[in-house]
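One-letter residues, chain by chain:
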Amino acid sequence: MSRRDFLALLGSGLLAMGLAGCTSFSPVYGGGSDGGMAVARFNFAPPSNRLEQVILNRLSVAFPAQGGPGDPVLRVSASTSSPGAALSNAMAVGAPVNVRVEASVSIVQDGTTLFSASRFANTSYQGGKLAPTNQASAEGAREAAAQSAAEALRAAIMAGYRPGMVSTQPR
């Protein structure tokens, strides 16, 4: 092996070791020593409509730890509306129908609100078709918007709530 080959091999090895020292595997959503959201446990309040059920199902997957009697209650409130008509008439068969799902979450413990946030998601579907198809399209659009709102609420909880925190709400 010539000196040139040896130096190239040595340089490659040192470069690889240097780059390996700059990288590591770590969780995307934290990984601090205090446990953070990994130890968050909630008692989920029962839903009062289908949209709340979709949102609570997503949040229960995001925060799977089983809540105990001393853990806070996570409540979700969701409603749907149809903001202004679409400005397009490009579709000959049906007209676009806008759907908005507005959802709010509150984390309450012993009557004190520890955290609350509100988010919304918009979508649309092609309406004006046969009644069963129109109803299925509307329901699918509402559930898709509810899932998007659930993701926004999950991100808000991850960003603003820590287990054991005191109320952040103004009095």
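Sequence order as written defines residue numbering, which begins from 1 separately in each chain. Side-chain atom pairs in this predicted model are given and counted only at pLDDT of 80 or more, local residue features only at pLDDT of at least 70, and totals for whole chains, interfaces and linings cover all residues. Hydrogens and water are ignored here; the side-chain numbers use all heavy atoms of the structure.

Caption draft 1: Broad picture of the overall build of the protein chain. Think of it this way: any DSSP run of H or I at least four residues long counts as a helix, any run of E at least two long counts as a strand, and we number them from the N terminus. Secondary structure assignment for the protein chain yields three helices and four strands. The N-to-C order of helical and strand elements in the protein chain reads α-β-α-β-β-β-α. Classification of residues uses two cut-offs on accessible area relative to the type maximum, computed with a 1.4 Å probe and protein chains only: under 20% is buried, over 50% is exposed, and between them is partly exposed. Burial status across the protein chain gives 27% buried among its 171 residues. Here the open area of atoms and residues is found with the Shrake-Rupley method and a 1.4 Å probe, where only the protein chains shown may cover a residue. By element, 57% of the accessible surface of the protein chain is carried by carbon and sulfur atoms, the whole surface being about 10,900 Å².

Caption draft 2: Structural context of a nonpolar patch on the surface. A surface patch of nonpolar side chains, about 680 Å² in accessible area, is lined by Met1, Phe6, Leu7, Leu9, Leu10 and Leu14. In this structure, Phe6 sits in helix H1 (residues 3-21). The patch calculation keeps residues exceeding 30% relative accessible area without a salt bridge and links them within 9 Å when they carry like charges or within 5 Å when they are nonpolar (Val, Leu, Ile, Met, Phe, Trp, Tyr). The term salt bridge refers to a pairing of a side-chain nitrogen on Lys or Arg with a carboxyl oxygen on Asp or Glu at a separation within 4 Å.

Caption draft 3: Quick peek at the sheet that holds strand S3 (residues 95-109). One requirement defines pairing of two strands: DSSP has to find at least two bridges between them. If you walk across this open sheet you meet the four strands as S1-S2-S3-S4, and the pairing is mixed. Single-partner strands in this sheet number two, and they are strand S1 (43-44) and strand S4 (112-127). Two elements, S1 and strand S2 (residues 73-81), share two bridges in a ladder whose sense is parallel. Looking at S2, one finds that Asn43 is bridged to Val73. In what follows, a contact means two residues having at least one pair of non-hydrogen atoms within 4.5 Å. Convention adopted: a line fitted to C-alpha atoms gives each axis, helices being fitted over their contacting stretch, and angles between N-to-C directions are expressed from 0 to 180 degrees. Packing of helix H2 (residues 50-62) onto the sheet brings it into contact with S1, S2 and S3, and relative to S2 it is tilted by some 135 degrees. Sheet strands in contact with helix H3 (residues 131-160) are S2, S3 and S4, and its direction is about 150 degrees off that of S4.

Nothing here speaks to function; it is geometry throughout.
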